Amino acid sequence: MSEQDIEQYRVHEAPYYRPVGDELELYRAAYDARMPVMLKGPTGCGKSRFVEYMAYELGRPLITVACNEDMTAADLIGRYLLDADGTRWQDGPLTTAARIGAICYLDEVVEARQDTTVVIHPLTDHRRTLPLEKKGELVHAHQDFHLVISYNPGYQSLLKDLKQSTKQRFGALDFSYPEAAVEAEVVAHEGGVDAQTADKLVQIAHRARNLKGHGLDEGISTRLLVYAASLIAKGIAPAAACTMTLVRPLTDDPDMRETLDQAVATYF
Ligand code: ADP
């Protein structure tokens, strides 16, 4: 792969990331030890942003794969394609990352079927290899290659979980919504609203998060708060902005919507 091709995976500008605890230091140490890392936490709490930030800080290209249940091992590793000249092998994103020494981020890896997930095993232990069986090649990972996966413990059921043999190949960092003051700082920065508005949005989220497990599957994420703030910054009335971003996406249950609308009305 040419330098130019690698260039497309580089993070050129420093992403805004507000550290929440000791995650920067821990990730750095894990990277230095080439220990694969699992980021655990609900959707929209900053996991992807954190990986982007670390890729920038470490000067590594970043290849992100959004995993889904239809994904096959070939989607990660690669496959033969037919073109005018016959068949041609095309590396998948995991293989590319292993070759060029990128950070490979498998987002929501639990969505992938277990037979897909096991292809990462040889890359996560001392072997640091990736067998391309169809091609008859054993790829030795570049020394800078690093594997990161994300995992939302809230969604897991007995049917859908990572195997212990997969889990126990990773060091894990817990992510959750940051404490109120920090989250408000993030919302103000990302959404372009004043501190007072950001505070109110965070208060609404706190109320909604208490409803998790009592009619809501998941609380309002930091991402949704940033959405609400962005609409307010564009001049939309706060109540309407909150309805669109904090209430409607979350639930279709009329009672729950009303409860959330009331929470919004307390603040705006
Ligand atoms: P996840 O990968 O956990 O689903 P993201 O990383 O995409 O979530 O975060 C969603 C949004 O929340 C980001 O786009 C960013 O605006 C904001 N965000 C959350 N936490 C932070 C943080 N600690 N620093 C900066 N931005 C954050």
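Refer to the preceding data block for the structure.
Predicted model only: the values in this text are computed from it and were never measured.

Participant: Looking at this model, I keep getting lost on the overall build of the protein chain. Mind explaining?
Facilitator: The helix and strand tally for the protein chain stands at 13 helices and 9 strands. When the backbone C-alpha atoms are referred to their principal axes, the protein chain occupies close to 65 × 40 × 40 Å. For the protein chain, with 268 residues in total, the buried portion stands at 46%. Nonlocal contacts in the protein chain, meaning residues at least 24 apart in sequence, comprise 71% of its contacts between residues at least 6 apart. If you sum the accessible surface of the protein chain, you get close to 13500 Å²; carbon and sulfur atoms cover 49% of it. Counting 28 positive and 39 negative side-chain charges, the protein chain places the centres of these two groups 3 Å from one another.

Participant: Help me out: how do you make sense of the packing of helix α2 (residues 23-32) against helix α3 (residues 47-58) in this one?
Facilitator: The packing of two helices is summarised by the inter-axis angle and the distance between the axes. As a packed pair, α2 and α3 sit with axes 11 Å apart at the nearest point and diverge in direction by 60°. The pairing of α2 with α3 is recorded here as oblique in orientation. Crossing handedness for the pair α2 and α3: right-handed. Across the interface between the two elements, Glu-23, Leu-24, Tyr-27, Arg-28 and Tyr-31 of α2 pack against Phe-50, Tyr-53, Met-54, Glu-57 and Leu-58 of α3. Among the residues making up the contact of α2 with α3, the classes are represented as 7 nonpolar, no polar and 3 charged.

Participant: Would you mind showing me how to read the site of the ligand here?
Facilitator: Around the ligand, a shell composed of 16 residues is seen, among which Arg-18, Gly-44, Ser-48, Arg-49 and Glu-190 lie nearest. For the ligand, a nitrogen atom lies 2.8 Å from a polar atom in the backbone of Arg-18. Between an oxygen atom of the ligand and a main-chain N or O atom of Arg-49, the distance comes to 2.8 Å. Protein chains bury 91% of the 560 Å² of accessible surface belonging to the ligand in isolation. Taken together, the elements giving at least two residues each to the shell around the ligand come down to α3, α9 (180-191) and α11 (222-233).

Participant: Teacher, can you tell me more about the side chain of Lys-47 here?
Facilitator: Within the fold, Lys-47 resides in helix α3. For Lys-47, which is buried and forms no salt bridge, the nearest opposite charge comes from Glu-108, at a distance of 5.1 Å. Separated by 3.1 Å, the side chain of Lys-47 and the backbone oxygen of Gly-41 make a polar contact. Once residues within four sequence positions are removed from consideration, Lys-47 is found in contact with Leu-39, Lys-40, Gly-41, Pro-42, Tyr-105, Ser-150 and Phe-175.

Each value, and the rule that gives it
Residues numbered from 1 in each chain as written. Predicted model: local features only at pLDDT ≥ 70, side-chain atom pairs only at ≥ 80, totals over all residues. Heavy atoms only, no water. Helix = DSSP H or I, 4+ residues; strand = E, 2+ residues; numbered from the N terminus. Buried < 20%, exposed > 50% of the residue type's maximum accessible area, 1.4 Å probe, protein only. Contact = heavy atoms within 4.5 Å. Areas by Shrake-Rupley, 256 points an atom, 1.4 Å probe, with all protein chains shown as cover. Lys, Arg positive; Asp, Glu negative; His and termini not counted. Charge placed at Lys NZ, Arg CZ, Asp CG, Glu CD. Axes fitted to C-alpha atoms, helices over the stretch in contact; angles between N-to-C directions. Parallel < 35°, antiparallel > 145°, perpendicular 65-115°, else oblique. Left-handed = near helix turned anticlockwise from the far one by under 90°. Nonpolar A, V, L, I, M, F, W, Y, C, P; charged D, E, K, R; others polar. Near = heavy atom within 4 Å. Polar contact = N/O pair within 3.5 Å; in protein donor to acceptor, adjacent residues only side chain to side chain. Salt bridge = Lys/Arg side-chain N within 4 Å of Asp/Glu carboxyl O.

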